[in-house]
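Chain residues, written in single-letter form:
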Amino acid sequence: MNQADTGPDAPMASAAPNEVRNVGPMRVSTIELFFDLVFVFTITQLTRMLEHDPTATGLLRAVLALGVIWWMYGGYAWLTNAVALDRTTRRLHLLTGMAGYLVMALALPGAFAGDGVAFGLGYLVVTVTHTVLFTRARSRDSVHGILRIAPTNVGAALLVLGAGFLDGPAVLALWSGAFLLAFAGPFLGGGLSRFVVRPAHFVERHGLVMLIVLGESIVAIGIGAAGHRVDAPLVGAAVLGLALTACLWWFYFSGDDERAERALSAAPGSRRSLLALLAYGYAHIPLILGVVALAAGVTETLAHPFAHAHPEWAVALGGGAALYLAGDVVFRRILGVSGGGWRVAAAVVALATIPLGVVTTAIGQLAALVAVLVTALITEHRVGGRQKAGRVAPPHP
């Protein structure tokens with residue numbers, strides 16, 4: 001994974017929008033992985049934020065924060081898909097963006113209160129750096145595309161920054177405006193169709209960050225176990241937490257990433273950009289939010305495995321699993337990957353485990369969730385079969 005693997009961008013300069021499919025071998029570089037590690041720190045902080053405020057307001061704040069954070073992470077995935085990081089100046093630009101993400105992560109727990117200005121300034125640095133570096137793309141179509149979307153990206157960052165100077169309902173109002181403006185930007189600016197998406201790199205980049213995000217669930221096990229004796233109950237709860245994360249990994253990486261790459265490669269013209277935006281920009285939000293909620297729920301479960309689960313943590317476990325599965329089904333549907341019925345059923349049953357945790361124990365709900373997900377995986381494999389699961393239907397935007 002060295003920088004030489006990125007391949008030249010020069011052939012893209014004279015190509016029509018999105019007519020270039022795969023220009024030479026392109027793999028995710030080590031500096032991109034380094035960037036992802038800093039990004040995932042924000043996910044860790046988001047989990048902590050939800051743990052400290054598991055109310056409806058806390059959940060709304062987590063959704064809004066994840067939305068703007070994920071939006072610009074996705075922007076950097078599109079950026080490195082178009083701009084080769086083969087020059088020192090470009091790597092320094094990326095490191096500047098990483099610094100902005102670090103400030104955002106540090107300020108995230110207080111982003112809706114005393115640290116809102118710091119978060120907003122970090123977000124503005126991330127956004128402006130992204131735009132400046134994207135103009136170095138050799139595809140003039142991609143440069144025109146980012147210049148059309150940049151105003152809404154910067155506008156969203158300014159709304160977040162403005163919220164840092166206020167308090168009360170105005171804070172959530174400005175954050176909501178930033179969320180909506182960012183995600184509507186590609187359609188308001190009209191620049192989406194100009195971007196050239198190279199599927200192999202694009203899918204690999206998002207797959208790797210999902211793998212790192214899933215690692216947040218493993219970190220949650222360590223946090224939940226901290227300060228407790230490593231006895232049989234703790235070990236049992238920890239193993240169940242690991243099994244739950246393994247199920248999430250299996251759902252995402254059981255071939256869907258390869259099918260997604262084939263679907264993007266087969267998509268003609270501007271449709272590829274649209275599918276990439278919908279599948280990886282929008283559908284991945286419930287996937288990541290589901291992991292965040294599960295991580296918070298697992299942390300609390302390990303702290304009190306045999307106590308009745310508090311309603312909010314029972315919701316975090318059951319609702320987090322259901323949200324992850326729902327996002328996965330939407331992701332598959334957008335890209336035309338067949339199947340998903342058993343995942344919908346598993347999501348419904350996962351919600352049914354919420355009262356189980358409240359009435360019995362937290363570890364009982366965790367065990368039930370693992371059983372539900374394992375059953376869904378086994379049934380899907382046996383009933384659907386690998387060949388049926390591998391068929392790709394026409395993608396649905």
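Residues numbered from 1 in each chain as written. Predicted model: local features only at pLDDT ≥ 70, side-chain atom pairs only at ≥ 80, totals over all residues. Heavy atoms only, no water.

### Here's the deal with the overall build of the protein chain
The condition that has to hold: Each helix is a run of H or I in the DSSP string that is no shorter than four residues. Each strand is a run of E no shorter than two, and both are numbered from the N terminus. Relative accessible area decides the class of each residue, using a 1.4 Å probe on protein chains only: under 20% of the type maximum gives buried, over 50% gives exposed, and in between gives partly exposed. By the convention used here, residues are in contact when the closest approach between their heavy atoms is within 4.5 Å. Here the Shrake-Rupley method, with its probe set to 1.4 Å, supplies the accessible areas, and only the displayed protein chains count as covering residues.
Across its full length, the protein chain holds 14 helices and 0 strands. Mapped from its N terminus to its C terminus, the protein chain presents α and β elements in the order α-α-α-α-α-α-α-α-α-α-α-α-α-α. Relative to its 397 residues, the protein chain shows a buried fraction of 55%. Within the protein chain, contacts between residues at least 6 apart in sequence are counted, and of these 82% link residues at least 24 apart. A total accessible area of about 15300 Å² is found for the protein chain, and carbon and sulfur atoms account for 69% of it.

### A word on a nonpolar patch on the surface
So the rule is basically this: By definition, no residue in a patch forms a salt bridge, and every one has over 30% relative accessible area; like charges are joined within 9 Å, nonpolar side chains (Val, Leu, Ile, Met, Phe, Trp, Tyr) within 5 Å. Put simply, a salt bridge is a Lys or Arg side-chain nitrogen that is within 4 Å of an Asp or Glu carboxyl oxygen.
Together, Phe34, Leu37, Leu92 and Leu95 line one region of the surface with nonpolar side chains, adding up to about 380 Å² of accessible area. By relative accessible area, which is 51% here, leucine 37 ends up exposed.

### A few points about the pattern of salt bridges
Taken as a whole and judged by the stated rule, the model has 10 salt bridges. Between arginine 48 and glutamate 216 there is a salt bridge whose closest N-O contact spans 3.5 Å. In this pair, arginine 48 sits in helix α1 (residues 30-52) while glutamate 216 sits in helix α7 (residues 199-225), placing the two residues 168 residues apart along the sequence. The partner of arginine 90 in a salt bridge is aspartate 86, with the nearest N and O atoms 3.5 Å apart. The class for arginine 90 is buried, based on a relative accessible area of 7%. Given the relative accessible area of 40%, aspartate 86 is considered partly exposed. The structure contains a network of salt bridges with shared partners spanning Glu32, Asp36 and Arg205.

### Focus: the layout of surface pockets
Stated formally: Lining residues are those with an atom within 4 Å of a point, where the points come from a 1 Å grid over the protein atoms alone and group into cavities, where a 1.4 Å probe fits but cannot get out, or pockets, open sets with protein on both sides within 12 Å along at least five of seven lines. Grid points are joined across faces, edges and corners, and a volume is the space filled by probe spheres set on the points. Amino acid classes used here: Ala, Val, Leu, Ile, Met, Phe, Trp, Tyr, Cys and Pro are nonpolar; Asp, Glu, Lys and Arg are charged; the rest, including Gly, are polar.
Each pocket or cavity is described by its volume, and for the second largest pocket that value is around 260 Å³. Of all the secondary structure elements, the ones that give two or more residues to the lining of the second largest pocket are α2 (56-82), α11 (284-303), α12 (311-335) and α13 (341-359). For the lining of the second largest pocket, the element with the highest residue contribution is α12, accounting for 7 residues. Among the residues forming the lining of the second largest pocket, the class breakdown is 12 nonpolar, 3 polar and 1 charged.

### Quick look at empty space enclosed by the protein
Under the criterion given, the structure shown has 1 cavity of 30 Å³ or more. Roughly 210 Å³ of internal volume is contained in the largest cavity. Lining the largest cavity we find 18 residues, and of these Trp71, Gly74, Gly75, Trp78 and Leu277 sit closest to its centre. Within the residue set of the lining of the largest cavity, elements represented by two or more residues are α2, α4 (116-134), α5 (140-163) and α10 (271-282). Broken down by element, the lining of the largest cavity gets its largest block of residues, 6 residues, from α2. Classifying every residue of the lining of the largest cavity by side-chain character gives 12 nonpolar, 6 polar and no charged.

### Looking at helix α3 (residues 88-107)
Heads up, the condition is: Given the number of residues in a helix, its expected span is that number minus one, multiplied by 1.5 Å.
Between its first and last C-alpha atoms α3 spans 29 Å; for 20 residues at 1.5 Å apiece the expected length is 28 Å, and the two agree. Among the residues of α3, Arg90, Leu94, Gly97, Met98, Gly100, Tyr101, Met104, Ala105 and Ala107 are the ones counted as buried.

### Focus: the environment of tyrosine 324
Rules: Within 3.5 Å is the distance limit for a polar contact, defined as a pair of N or O atoms, with the added protein rule that one can donate a hydrogen and the other accept it, and that residues adjacent in sequence qualify only through two side-chain atoms.
Within the secondary structure layout, tyrosine 324 lies in helix α12. Expressed as a C-alpha distance, the spacing of tyrosine 324 and valine 292, which sit 32 residues apart in the sequence, is 9.7 Å. Not counting the four nearest positions on each side in its chain, tyrosine 324 is found in contact with Met210, Leu248, Trp249, Phe251, Tyr252, Pro286, Leu287, Gly290 and Val291. At a separation of 2.8 Å, a polar atom in the side chain of tyrosine 324 contacts the main-chain carbonyl oxygen of leucine 248.

### Re the packing of aromatic side chains
Applied cut-off: For Phe, Tyr and Trp, where Trp contributes only its six-membered ring, two rings pair if their centres lie within 6.5 Å, and the inter-plane angle classes them as stacked under 30 degrees, edge-to-face over 60, or tilted in between.
Taken as a whole and assessed by the stated rule, the structure comprises 22 aromatic pairs. Between the aromatic rings of tryptophan 78 and phenylalanine 202, the centroid separation amounts to 5.3 Å while the plane-to-plane angle is 85°, which identifies the pairing as edge-to-face. Note that tryptophan 78 is positioned in helix α2 and phenylalanine 202 in helix α7, a separation of 124 residues in sequence. Take tryptophan 78 and phenylalanine 202: they sit in the same class, and that class is buried. Seen from their ring centres, tyrosine 252 and phenylalanine 253 are 4.8 Å apart, and the 65° between their planes marks the pair as edge-to-face. Aromatic rings pair up to connect Trp78, Phe134, Phe195, Phe202, Trp249, Trp250, Tyr252, Phe253, Tyr280 and Phe331 into one cluster.

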